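# Structural features, examined
Chain residues, written in single-letter form:
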Amino acid sequence: MNLGELKVKLISLQAPLWRAWAKLCRVEVADDVCLIGRPHFRIARGAKVILSQGVKLFGIKQMNPLIGSGRSTFWAIAPGALIELGKDVGGSAPCICAAQSIRIGEGTILGADCLIVDNDFHLPGEGWTWGFNPVETARPVEIGRGCFIGARSVILKGVTIGDGAVVGAGAVVTSDVPAFHMATGNPATVRPLSAKWQRENQSQGS
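In this report, the structure presented in the accompanying data block is examined. Note that the structure is predicted; figures quoted are calculated from it, not measured.

Conventions adopted
Residues numbered from 1 in each chain as written. Predicted model: local features only at pLDDT ≥ 70, side-chain atom pairs only at ≥ 80, totals over all residues. Heavy atoms only, no water. Helix = DSSP H or I, 4+ residues; strand = E, 2+ residues; numbered from the N terminus. Contact = heavy atoms within 4.5 Å. Pairing = 2+ DSSP bridges. Phe/Tyr/Trp six-rings, centres within 6.5 Å; stacked < 30°, edge-to-face > 60°. Buried < 20%, exposed > 50% of the residue type's maximum accessible area, 1.4 Å probe, protein only. Salt bridge = Lys/Arg side-chain N within 4 Å of Asp/Glu carboxyl O. Core = buried A, V, L, I, M, F, W, Y, C linked by side-chain atoms within 4.5 Å.

## What about the side chain of Ser101?
- The residue Ser101 is located in strand 10 (residues 101–104) in this model.
- In contact with Ser101, other than residues within four places in its own chain, are Leu82, Asp118, Pro140 and Val141.

Right, here's the structure in full:
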């Protein structure tokens, strides 16, 4: 085992520590969730962050060279807000912020430093000021099963992404993406996935 492999092994041994940290932060976390690097949680009273069975989150460069300077971040910033990662979701330093709800389906992968938000955060105030009222502009985000969300992409409020869809790296998604379609660009344009990307189970609804 070389020095790099040893370092990764030592980092991986910290996963139970960060799982315990998540529980202290009032996260509902399954016993087999793997957290590499300390995630950042902020959960308002009455809000929930749920990490389901098999979730794996990497928050350090040693595990993914595409990760920037950030770490896995989950903010449920309003009472009743929900962030839920389904079974076997994987991610590299995603930033997810909900004032209403963000749900991510089974087996979806969140690429390095992707951003998912369900609100605008700020509204114009008096004069030239800006107020902070995320609840007023919040609309739920739903991401289906088996999706791939590319590195540094942005998914904005009110978007629904169907099962098996792909969001390209750096895309800014402002409208729905049907199942087995790809969204690329800024603002993202949507087209069907090519045959090689189609899933065998797409017509089975499983």
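## Examining the pairing of strand 7 (residues 82–85)
- Where strand 4 (residues 48–51) lies against strand 7, 4 bridges are found, and the strand directions are parallel. Bridge pairing in strand 7 links Lys48 to Leu82.
- Bridging between strand 7 and strand 10 involves 4 bridges; their strand directions are parallel. From the neighbouring strand, Leu85 faces strand 10, where its bridge partner is Ile104.

## Observations concerning the packing of aromatic side chains
- Applying the stated criterion to the full structure yields 1 aromatic pair.
- Aromatic side chains Phe41 and Phe74 sit 5.8 Å apart centroid to centroid with 20° between the ring planes, which places their arrangement in the stacked category. Within this pair, whereas Phe41 is found in strand 3 (residues 40–43), its partner Phe74 is found in strand 6 (residues 73–76), the two being separated by 33 residues in sequence. Residues Phe41 and Phe74 agree in their burial class; the two are buried.

## Some points on the pattern of salt bridges
- One pass over the full model with this rule turns up 7 salt bridges.
- Between Arg145 and Asp163 there is a salt bridge, with the nearest N and O atoms lying 2.5 Å from each other. Here Arg145 is found in the loop between strand 15 (141–143) and strand 16 (148–149), whereas its partner Asp163 is found in the loop between strand 18 (160–161) and strand 19 (166–167), with 18 residues between them in sequence.
- You can call Asp163 partly exposed: its relative accessible area is 23%.

## Considering the nonpolar core
- Ranked by internal contacts, the top residues of the largest apolar core, which has 42 residues, are Leu51, Leu85 and Ile161.
- Of all the secondary-structure elements, those providing two or more residues to this core are helix 2 (15–24), strand 3, strand 4, strand 6, strand 7, strand 9 (95–98), strand 10 and strand 15.
- Once residues lying within four places of it in the same chain are set aside, the contact partners of Leu85 are Ile50, Leu51, Ser52, Val55, Leu57, Phe74, Ile96 and Ile104.
- Ile77, Ala78, Ala99 and Val117 belong to the second largest nonpolar core, which has 6 residues in total.

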